[in-house]
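Coordinate inspection notes
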Amino acid sequence: MEIELKNIHKSFINQGKQQSVLKGISGEVEKGEILTIIGPSGSGKSTILSLCNLLQTPDEGELYVGGKEIRDWDVRNLRRYVGIAFQSGPMMKGTVLENLSLPMQLQGRTLESPQTYMNYVGLSEELLSREAKELSGGQRQRLSLARTLVNQPSVLLLDEVTSALDSKAAQEVEELILSINKDHKTTILWVTHDLAQAERVGDQTWLIMDGQLVEAAPTNHFFFEPNDQRTKEFLHSSRDII
Amino acid sequence: MSLLAIILSFIFVILALVLSTAFKLGLGKDIMITCVRATIQLLVVGYILNAVFGLDHPLGIIIMLLIMILVAVRNAAKRGRNIPFVFWKIFITISIVEIVTQGFLLGLKIIPASPQYIISISGMIIGNSMIIANLFLNRLQAEIDLRKEEILLVLSLGGSVKQSIFPILKNSIRASLIPTIEGQKTIGLVQLPGMMTGQIIAGADPIQAVKFQLLIVFLIMAAASLTAIILGFLIYPSLFNTEEQLVTNRFLSP
């Protein structure tokens, strides 16, 4: 088992009030599996991701990554083992090469073959000397994924990585992620608001509503024969909006 | 200067009050409070200095310096109220700056070891350090708000806390020093520094006054850099918790 959540609770202080974001989430993700996480905005989906590489800490419960509780990991090793790609594909000031090399540079090492990574994510080597902030949304997201891959993560957390892209770029990034999963057997936790995407790419799907795991099921089963009434209503209403 | 001259100088305050009323600026109350405070504070300081100079004892100087540092720290600490031990971090910073600069001046016998010199120069150094600390904390807060994603990015790639905050820290240190550097660039061209003006008015040779002012300029430059750098390195670990996460509520909005 690559990821295991046991009764996870998390709350934040918002304007002086305690706000419960996750209320007892339990679930498992097998090695090499793609889990798609869907749910309304603010339901706690992104918080689940941020707990998996300890950018946040659970208030209660246990979270195992690679069989080890996250708080037993050396935090920097954990964050290399569990990579994350953010929605905006944030870039540091500097060139594409500097951004791509960042994970190595943080360890005081040099990136041996930046071209390999560029080719892998479908970016031209000529871009290496360009300012990273000048790239288009799709290029940024590819570079962001390439940069995460430099650490050779076993788990990849994706937070709405295609939602800011046009449909063509979104499709290309989606294909890239699927090939990462196939080539490296990377376990992927993929938060998306695009239900068609969740259905297309997932092996397993979770519906999170109001900080609770409403339904967890194999993706086909989840979309065709949901068990929970709330899942049926959510899928129905979301499809109506689309 | 006679008492009458001081009383007459209140005409300027009246002028400011009239202008504030005429243009409905609503600053009348603030102007009055500022003038009354300035008068009382300076008079009290004048009498205290008189007593300390008369005492001519190291303990008197040390107590006076401690009071100055504590007031400066209290003012600057308001900027980062939520940062643990911020008061002591600023206190340590300003104290180090004061010890280094005075140690240098007294050690090399650049100034005589008399309260007149030590307290007057310390006032300038401590006051300047207080402003730098304020500017630094203000800028740091703005930079963190603006560049939080970059911090999270570096942390998420397995970078250390220091690696994640270093570019922001550097920028905040630089930004807090810019007013000092820019101010010194036009020194003498736009305005004559207060201390130099005071010496010239008191009858000192202008060249002598310039030499002394140069000493102060260099000193303030060094003190400003020291303040921003020491404070930066003392403050940044408090912005993160033991699990190397950015704790964003460590700052309160100004």
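Residues numbered from 1 in each chain as written. Chains lettered and ligands numbered in written order. Predicted model: local features only at pLDDT ≥ 70, side-chain atom pairs only at ≥ 80, totals over all residues.

Some remarks on the packing of helix H7 (residues 161-185) of chain B against helix H9 (residues 206-235) of chain B
Residues and elements named next belong to chain B. Between H7 and H9, the least distance of the axes is 9 Å, while the angle of their chain directions is 165 degrees. Of the possible angle classes, the one that applies to H7 and H9 is roughly antiparallel. Seen from above, H7 lies across H9 with right-handed handedness. Between H7 and H9, the residues in contact are Leu 169, Ser 172, Ile 173, Ser 176, Leu 177, Thr 180 and Gln 184 and Val 217, Ile 220, Met 221, Ala 224, Ser 225, Ala 228, Ile 229 and Gly 232, respectively. (Axes fitted to C-alpha atoms, helices over the stretch in contact; angles between N-to-C directions. Helix = DSSP H or I, 4+ residues; strand = E, 2+ residues; numbered from the N terminus. Parallel < 35°, antiparallel > 145°, perpendicular 65-115°, else oblique. Left-handed = near helix turned anticlockwise from the far one by under 90°. Contact = placed C-beta atoms within 7 Å.)

Let's talk about the UniProt feature "transmembrane region" (unreviewed entry) in chain B
Mapped onto this structure's residue numbering, the UniProt feature "transmembrane region" (unreviewed entry) falls at residues 6-27, 34-53, 59-77, 86-111, 117-137 and 214-236 of chain B. Along residues 59-77 of chain B one finds 100% helix and 0% strand; the C-alpha atoms at either end are 26 Å apart. (UniProt positions renumbered as here; feature names shortened; annotations may be inferred.)

A few points about the domain arrangement of chain B
All names here are of chain B. When cut into domains, chain B gives domain 1 (1-55) and domain 2 (57-250). Here the C-alpha centre of domain 2 lies 28 Å away from the C-alpha centre of domain 1. Each side of the interface is counted separately: domain 1 has 4 residues, and domain 2 has 7 residues. When its residues are assigned to classes, the side of domain 1 that touches domain 2 shows 4 nonpolar, no polar and no charged. (Domains from an automatic or database assignment. Nonpolar A, V, L, I, M, F, W, Y, C, P; charged D, E, K, R; others polar.)

Overview of the sheet that holds strand S6 (residues 82-85) of chain A
Residues and elements named next belong to chain A. Pairing in this open sheet of 6 strands is mixed, and the strands run S6-S7-S8-S3-S9-S10 from one edge to the other. In the strand order of this sheet, the two ends are held by S6 and strand S10 (212-218), each with one partner. Strand-to-strand twist of the sheet, defined as the mean angle between neighbouring strand axes without regard to direction, takes the value 15 degrees. Here strand S9 (residues 204-209) runs beside S10; their pairing, made up of 6 bridges, is antiparallel. Paired with Thr 205 across the bridge in S10 is Ala 217. (Pairing = 2+ DSSP bridges.)

Structural notes on the sheet that holds strand S1 (residues 3-14) of chain A
Residue and element names in this part refer to chain A. A sheet is described by the order of its strands in space; here 4 strands give the open sequence S2-S1-S4-S5, paired in antiparallel fashion. The sheet terminates laterally at strand S2 (17-29) and strand S5 (68-69), the two strands that pair on one side only. Sheet topology places S1 next to S2; 10 bridges connect them, and they run antiparallel. Counted as the bridge partner of Lys 10 is Leu 22 from S2.

Digging into the UniProt feature "domain: ABC transporter" (unreviewed entry) in chain A
If you check UniProt for "domain: ABC transporter" (unreviewed entry), the listed places come out as residues 3-235 of chain A in our numbering. For the annotated span residues 3-235 of chain A, helix accounts for 36% and strand for 28% of the residues, and the straight-line distance between the end C-alpha atoms is 26 Å.

Some words on the interface of chain A and chain B
Contact residues are listed per partner, giving 18 residues for chain A and 15 residues for chain B. Listing elements by their share of the side of chain A that touches chain B, those giving two or more residues are helix H2 (75-81) and helix H3 (96-105) of chain A. Examining the composition of the side of chain A that touches chain B, we find that 4 residues originate from one element, H2 of chain A, more than from any other. Here the side of chain A that touches chain B is built from residues that sort into 10 nonpolar, 5 polar and 3 charged.

Considering the confidence of the model for chain B
Per-residue confidence for chain B gives a mean pLDDT of 90; residues scoring 70 or more make up 98%. At the level of chain-chain contacts, confidence expressed as ipTM amounts to 0.93, with global pTM at 0.85. (pLDDT = per-residue confidence, 0-100.)

Description of the environment of Ile 40 of chain B
Residue and element names in this part refer to chain B. Among the structural elements, Ile 40 can be located in helix H2 (residues 28-55). Residue classification places Ile 40 among the exposed residues on the basis of 10 C-beta atoms within 10 Å. The spacing of Ile 40 and Thr 242 is 202 residues in sequence and 47 Å in space, taken between C-alpha atoms. (Buried ≥ 20, exposed ≤ 12 C-beta atoms within 10 Å, placed from the backbone.)

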